[in-house]
Amino acid sequence: MSFIDRSVKYSVILAGAGALGLAMVVGAAAYDGTNCKAPGNCWEPKPGYPDKVAGSKYDPKHDPKEVNKQAESIKGMEARNAQRVDYFKKTGKFVYDVSKIPSAN
């Protein structure tokens, strides 16, 4: 590797490190910290965004049936796991597919 190749390589590395350092400094300088309610609690809503979301146009109004789908699937998962554990305690053999457990049929 010639001297010119090395100097170009180091120049590119140095330029990249400088750009990264500059990006970090600019990101840190963008925060002014003047509107903090407490140390570390500096979040503020954008202008026009309500203090309370419930009942505003930003309220997502989730359907309770859709919200409960995950809870129902977790209950089903827990029931299947209980069947697997019971069968394992009785026989000492683990069966993943619950339909193959004799007591589940």
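Above this text sits the structure in question.
Structure report, in brief. (Residues numbered from 1 in each chain as written. Predicted model: local features only at pLDDT ≥ 70, side-chain atom pairs only at ≥ 80, totals over all residues. Heavy atoms only, no water.)

Section: the pattern of salt bridges
Side chains that differ in sign of charge can pair as their charged atoms come close.
At step 1: Summed over all chains, the structure comprises 1 salt bridge.
At step 2: Its salt-bridge partner being glutamate 66, residue lysine 69 comes within 3.3 Å of it at the nearest N-O pair. Here the residue lysine 69 and the residue glutamate 66 both occupy positions in helix α2 (residues 64-91), the gap between them amounting to 3 residues, near one helical turn.
At step 3: Taking the relative accessible area as the measure of exposure, glutamate 66 reaches 47% and is therefore partly exposed. (Salt bridge = Lys/Arg side-chain N within 4 Å of Asp/Glu carboxyl O. Helix = DSSP H or I, 4+ residues; strand = E, 2+ residues; numbered from the N terminus. Buried < 20%, exposed > 50% of the residue type's maximum accessible area, 1.4 Å probe, protein only.)

A few points about α2
At step 1: Given a rise of 1.5 Å per residue, 28 residues ought to cover 40 Å, and the 41 Å separating the end C-alpha atoms of α2 matches this to within 8%.
At step 2: Of all bends in α2, the biggest is about 25 degrees, found at glutamine 70.
At step 3: Phi turns positive one or two residues past the end of α2, at glycine 92, with a value near 80 degrees. (Expected span 1.5 Å × (residues − 1). Bend = angle between axes of the 7 residues up to and from the residue.)

What about a nonpolar patch on the surface?
At step 1: Taken together, the side chains of Ile4, Val8 and Val12 define a hydrophobic patch exposed on the protein surface, amounting to about 300 Å² of accessible area.
At step 2: Along the chain, the position of valine 8 falls in helix α1 (residues 3-29).
At step 3: In this structure valine 8 comes out as partly exposed when scored by relative accessible area, which is 48%. (Patch = residues over 30% accessible without salt bridge, like charges linked within 9 Å, V, L, I, M, F, W, Y side chains within 5 Å. Areas by Shrake-Rupley, 256 points an atom, 1.4 Å probe, with all protein chains shown as cover.)

Here's the deal with the packing of aromatic side chains
At step 1: Here the structure, examined in full by the defined rule, presents 0 aromatic pairs.
At step 2: Taking NZ or CZ as reference, arginine 84 lies 4.5 Å from the ring centre of tyrosine 96, over its face. (Phe/Tyr/Trp six-rings, centres within 6.5 Å; stacked < 30°, edge-to-face > 60°. Lys NZ or Arg CZ within 6 Å of the ring centre and 35° of its normal.)

Let's talk about the side chain of arginine 84
At step 1: Within the element layout of this structure, arginine 84 appears in helix α2.
At step 2: Summary of buried charges: arginine 84 has no salt-bridge partner, and the nearest side chain of opposite charge, aspartate 97, is 6.5 Å away.
At step 3: Residues in contact with arginine 84, not counting those within four places in the same chain, are Phe94, Val95, Tyr96, Val98 and Ile101. (Lys, Arg positive; Asp, Glu negative; His and termini not counted. Contact = heavy atoms within 4.5 Å.)

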